[in-house]
Structure formats: structure tokens, C-alpha cells
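# Structural description and commentary
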Amino acid sequence: MESEAGGNGSVGVDGTRLEELSPQPLLTRDYETRPSLVYERLRQRHGPVAPVDLLGVPAWLVLGYREALQVLQDDDGWPKGLENWRARSDGEVPADWPLGPSLEVNHVLIQGGPGHGQLRTAWDAALKPFQDPAHPQAKRLKAAVTAYADELITLVGQGGGTGVADLSAQFSRPLPLMVASHLLGFPGSQGDDALMDMWRVLDAGPDAEPALERLLATLAELAAVKLKEPGDDFPSQLLAAHPGLSLDELARELFMLLGMTSDHVGILMSNTVVEVISGDGGVRASLSAGMIRETMNRVVMRKPPLVNFVPRFAAEDTALGNYTIRAGDPVWVSSAAAHADPLFAGHVAPNSAISTRAHLSWGAGRRQCPARELASTVAAVGVGRLFERFSHLDLALPADQLPWRSSPFMRGLRSLPVRYELPSVPERPAVPKATPESAPGTADPVLPDRSARQRSSLWRYLTGLIRNGR
């Protein structure tokens, strides 16, 4: 298919613009169950870039690996920032569009314009103590992740030494949110209600908008506390690196941290668990040899948690794939589709001990995910602790029958039912300890006391999921 540019917009050979192409809905039942087939149909019909309908809004979906890199690595030609979206500026995006709430929060991953550079620099500085293994904050964070993982595993074990559990709901989803609460410096279990609201926002259901309002209000209150009483946490680090942030701006960045360290990490953990359980003996052996991160790297190539990135917009009429994209058109890069592109997939050695890092799971270019090391650490510690604590884990359903949930951004397991066995003599859960490297005057991570946990909404929810042992 050839394309030619017209004076007024994105056009194909027949002169039809994006708005007039009648794109087919992307988020169908087929997409939820077998998205790879949907990507392949689009690729065969349109080539590496296809028009799609996202819940009533037309957009371009980038399917090709080369085209994805072209967009992700060119911030000037394909900027972020909703102010660049022509249809939105013209009032053509419905006010009740389901994706609106998550995209309207103008944080570091959404924001465009000249202010982004300073904000991203501040993010990198604020995250460094928690991502650099040489820093005491990173050591304490790793200890806290281990302790939270043990706390959740012990809770699962209250159903008996053997039993059935949903590792998605009972482990993979709550663990990264608990870690995020630690990073944000929520006192005790006060952040648990915020974590529950974060789930509602990520699930994009009918209660997503009120949940987002409550969550932002809670985060604004937390931001006000950190402004008056800085601590050894991410909000305080970000304020120190970017003192000009208002409370509302800081709240939006904290929302970003919650989102970035929650669903993405949880899906990565669940997918890695499935890879290990359903893989051959070599996969388990490599895990025992300490190659958890290599296993995760293979997982994100085949099943990236973040399947479609937040939109970018053509700065001017630009040829991409077999079309010319009109200035202001929204362009969504699909990492999942790009990984299935023969240009990429055909050069991946399936049996190599070390897999390629050329995948797009963390993005590419200057706007690559700033917390990729943090997310990888949380996921690796969580998965490692599961296989250390449980003496046996097996899928309760065949791998091809596991239920998936898809959204415009993420794809992960709806549930991960497993049969488990815990040792007859339970291992003593790890607790964060003071380290010699701890900086003077900084607090060590402390888990909320048992009574506070039991009163929290998150803990009541998790307790309700415990099943009796067999």
C-alpha cells in the first residue's frame, strides 16, 4: 500500500483521513484473549502502522519495530503532551472517554513541552538513591521488599501448609503497591486506602474517576506533609531536586510512581512465575543459579506488561509506515506488536542463555522509563522470595487456560491460581535490619504493626482471599 500526503491531513491512496477511515475497534474479545492475532491481522492489512479505534477515539497504532524506534527516539518529531492532540483541542474527544482520567494527570510520562527536561532530571536524581545498589536507601528498600513479600506469603500460609492461592491477587498485585507506599513515606498503613484506589484507576472501571479524585487528594495531603517535614523517601528527594514543584504537581508525580511501580511490576512477577513453573527444568535451574533477571528479560520480550505506550503526536505531517500521519494525530506505539515484528523476532535466538536487551519493554530514547532498575529489583526480589519460601508451586490451570485481562496500556493475568506447599517448619520471615551503611539520621524501614495491618482495607481484602488448605 502506498500513501500520499494531502494538504490537510493523514491520507492513504484514496485521500481518506484518519477520522474518515472507520478504524476497527482494537479492544475486542479477540484482543483480550489473543492479541497477537489482532496485531497480525492489522499488520497484514495496513503494514507497520494501522488506524484503530480506542473506545470511540481514532488513533494510529505502531506495529513495526523499526517504526516504533523512529517514534520513540525522536522527541521533537513525535512529542508527548496532550496539548499537541488536535482532536482534543478541537473538542472531538468525548468528555467521558474512559481513558481520559489516566491521561489527564500531567506527570512525567505524559508531559511534553520545555518543562519536561527539568522534571525528568529531578526524577533521575530522586530515584538514584533507591536504584543504585551502593546507596543505603537501596539496601533498605531491598530489605523492605523482602519483608513485605514474606508478610504476604505468611498470610497465604494461614490457609494451611498446602492449598490453592491466587498469586496475582494475593501477592503480585499487592507487593509492588506496598513497596510504593514505602517509597512514598506513608506512615504505618495509612496508604492502604490509596493503594486500593490505585487498583480502581488501573482497572479503568466505572469507579475509576472518583477513585482518581480521592487518590490525588490523598497524595496532595501527603505532599503537604513532606513539604513541611522532609524524610528519607521519594517525595522528599523529588522536592529537593525540584524545589519549584507545587503540591498539585508533586501529587501528580507521586501518582505516577504508584502507577509505574504497581501494575507493571505485578504483571512482570506473575508472568515470570508462569514462565518458571511451566518451563522446562532449565528455567528452574537458571532461577536457582541466580538468573532471575535473565528469566524476566525473556518474559518481557514475549509478554511485555506495558503493551502500548502513552500517546505521542505528530509534530508535522510525517510519513510513517504506509501512511502519512497528520500533524496532531495521536500515535500509540505497541511494544507487544513490535516484538512480534519479524524484523525483531526473526533475530532473537530462542535458546540463548543471554537474551537481547534490544526489546522495547521499558521504552527507548531519552524518555525511557526512569524507574526500570527499581521495578526490576522489586520484581526479582519478589519472585525469588516466592521460590525460596514455597517448597512447591504448580499451576492450578493449564498455562493456556489462564485468564488474561487487557487494557489499552497493560496486559496481565486476571488471576494466577496455583497449588502450593510450604515447609512443615515455616521459615522465619525476613525483617528489615539496620545496616552499617545506613546514613546517620535516616530511618530504617519499619513494617506497620500487626493491629494496624489488620485494620487496613488492603489487609482485610487480602485476608478475605485466604482459602483453607487441602
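Check the entry above for the structure.
As a starting point, this report considers the structure included with it. (Residues numbered from 1 in each chain as written. Predicted model: local features only at pLDDT ≥ 70, side-chain atom pairs only at ≥ 80, totals over all residues. Heavy atoms only, no water.)

### Concerning the environment of His 359
Within the element layout of this structure, His 359 appears in the loop between helix H18 (342–345) and helix H19 (372–389). Among the residues examined, His 359 registers a relative accessible area of 7% and is labelled buried. Taking C-alpha positions, His 359 is 8.6 Å from Ala 338, a pair spaced 21 residues apart along the chain. Contact partners of His 359, with chain neighbours within four places excluded, come to Asn 297, Val 300, Met 301, His 339 and Phe 344. At 2.8 Å, the side chain of His 359 and the side chain of Asn 297 are in polar contact. Separated by 3.2 Å, the side chain of His 359 and the backbone nitrogen of Ser 361 make a polar contact. (Helix = DSSP H or I, 4+ residues; strand = E, 2+ residues; numbered from the N terminus. Buried < 20%, exposed > 50% of the residue type's maximum accessible area, 1.4 Å probe, protein only. Contact = heavy atoms within 4.5 Å. Polar contact = N/O pair within 3.5 Å; in protein donor to acceptor, adjacent residues only side chain to side chain.)

### A few points about the environment of Ala 358
Note that Ala 358 resides in the loop between H18 and H19. It is 8.7 Å that separates the C-alpha atoms of Ala 358 and Phe 344, two residues lying 14 residues apart in sequence. Other than its neighbours up to four places away in sequence, Ala 358 contacts Tyr 65 and Phe 344.

### Considering helix H14 (residues 263–278)
Spanning 16 residues, H14 covers 22 Å between terminal C-alpha atoms, matching the ideal 22 Å at 1.5 Å per step. The buried fraction of H14 is high, at 15 of 16 residues. (Expected span 1.5 Å × (residues − 1).)

### A look at unusual backbone geometry
Backbone geometry places Ser 22, a non-glycine residue, at a positive phi of 50°. Along the chain, Ser 22 falls in the segment before helix H1 (29–33). Assessed through its relative accessible area of 56%, Ser 22 is described here as exposed. Not every positive phi belongs to a glycine, and Leu 55 is a case in point at roughly 50°.

### Things to note about the side chain of Arg 405
Structurally, Arg 405 can be placed in strand E9 (residues 404–406). Since its relative accessible area comes to 14%, Arg 405 is described here as buried. Here Asp 263 takes part through its side chain, which lies 3.0 Å from a polar atom of the side chain of Arg 405.

### Section: the nonpolar core
Among the nonpolar cores identified, the biggest contains 87 residues, and Trp 123, Phe 171, Leu 219, Phe 234, Leu 258 and Leu 416 are the most heavily contacted of them. Tallying contributions element by element places helix H7 (residues 136–156) first for this core, with 9 residues. Ignoring any residue separated from it by four or fewer positions in sequence, one finds Phe 234 in contact with Trp 123, Ala 126, Leu 127, Phe 130, Leu 183, Leu 254 and Leu 257. In terms of nonpolar packing, the next biggest core, distinct from the first, is built from 29 residues, Tyr 31, Leu 63, Val 93 and Leu 99 among them. (Core = buried A, V, L, I, M, F, W, Y, C linked by side-chain atoms within 4.5 Å.)

By themselves, these observations are geometric and do not establish any function.
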